[in-house]
Amino acid sequence: GVFQMMLDGVTFYFIDNEYYFSGDRIYEDGLWDLEKFAYFSKAALTMLCVIDFRPDIIHCHGWMTALAPLYIKKAYAEDPCFRDTKVIYSSYNNGFNTPFPASFSDKLLLEGIRKEDLTFTDKPIDFSELTKLAIRFSDGVIQASETMQPDILEYTKNADIPFLPYQDPENYIDAYNEFYDVVWENAHK
């Protein structure tokens, strides 16, 4: 279900699903998490089309949203809602402990997504691989934690997309706004 609420002139949408979102724990640290967040990403993207909202930029935060760039750039690539949408991924240094089984990659193969789009079809899906997948299908990356795993940082720097290193809390809002402009302008050259 989708619940719509307006507060101080801002419209909020809440996505609910008893199967995935009942209970008092957000994270289980296992396959359940990836399945739940895959569902949430698909539901949020589908809802945007239903309400006829065509975002210029979608900013994904953390591994919980790591599948959204893949969905936007591959499964929804021809959808008018997302055809011109740019994706920014914020990478945090807050991984998960238990890798997801390689077999989960079969559940990601929506229309428009091929096995070749996934780099982990024959090995467990750990935090590093999932983050690299998000970066691969993003138009820009923000380092949202003071530190990044070295392999993820190197992958990001070699991705040939705009990268914003960690920003202090005092100036990150201005830096993020400027970065949005850089990503938008870079995509329209």
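Before reading on, note that the structure itself is shown above.
Every value quoted in this text rests on a predicted model; they were computed, and no experiment measured them.

For this particular structure, what's the right way to read the sheet that holds strand E4 (residues 86-91)?
Two modes of strand pairing occur in sheets, parallel and antiparallel, and in both the strands are linked by backbone hydrogen bonds. Within the open sheet, the four strands sit side by side as E3-E4-E5-E6. Their pairing is parallel. Edge strands, defined here as strands with exactly one partner in the open sheet, are strand E3 (57-61) and strand E6 (163-164). With five bridges connecting them, E3 and E4 associate as parallel partners. Note that in E4 the partner of His61 across the bridge is Ser90. Sheet contacts for helix H3 (residues 68-75): E3 and E4; angle to E4, the most-contacted strand, approximately 160°. Its contacts with the sheet put helix H6 (residues 172-187) on E3, E4, strand E5 (140-143) and E6, and the angle it makes with E4 is roughly 140°.

Looking at this model, I keep getting lost on unusual backbone geometry. Mind explaining?
Negative phi is the rule for most residues except glycine; trans is the rule for most peptide bonds. Although it is not a glycine, Asp8 adopts a positive phi angle of roughly 55°. Looking at the element boundaries, Asp8 is found in the loop between strand E1 (2-7) and strand E2 (10-15). For Asp52, which is not a glycine, the phi torsion comes out positive at approximately 60°. Note on placement: Asp52 falls in the loop between helix H2 (31-50) and E3.

Where do I start with the packing of aromatic side chains in this structure?
Applying the stated criterion to the full structure yields four aromatic pairs. Taking the centre distance of 6.0 Å and the plane angle of 35° together, the rings of Phe3 and Phe14 count as tilted. Of this pair, Phe3 sits in strand E1 while Phe14 is found in strand E2, placing the two residues eleven residues apart along the sequence.

Calculation rules
Residues numbered from 1 in each chain as written. Predicted model: local features only at pLDDT ≥ 70, side-chain atom pairs only at ≥ 80, totals over all residues. Heavy atoms only, no water. Pairing = 2+ DSSP bridges. Helix = DSSP H or I, 4+ residues; strand = E, 2+ residues; numbered from the N terminus. Contact = heavy atoms within 4.5 Å. Axes fitted to C-alpha atoms, helices over the stretch in contact; angles between N-to-C directions. Phe/Tyr/Trp six-rings, centres within 6.5 Å; stacked < 30°, edge-to-face > 60°.

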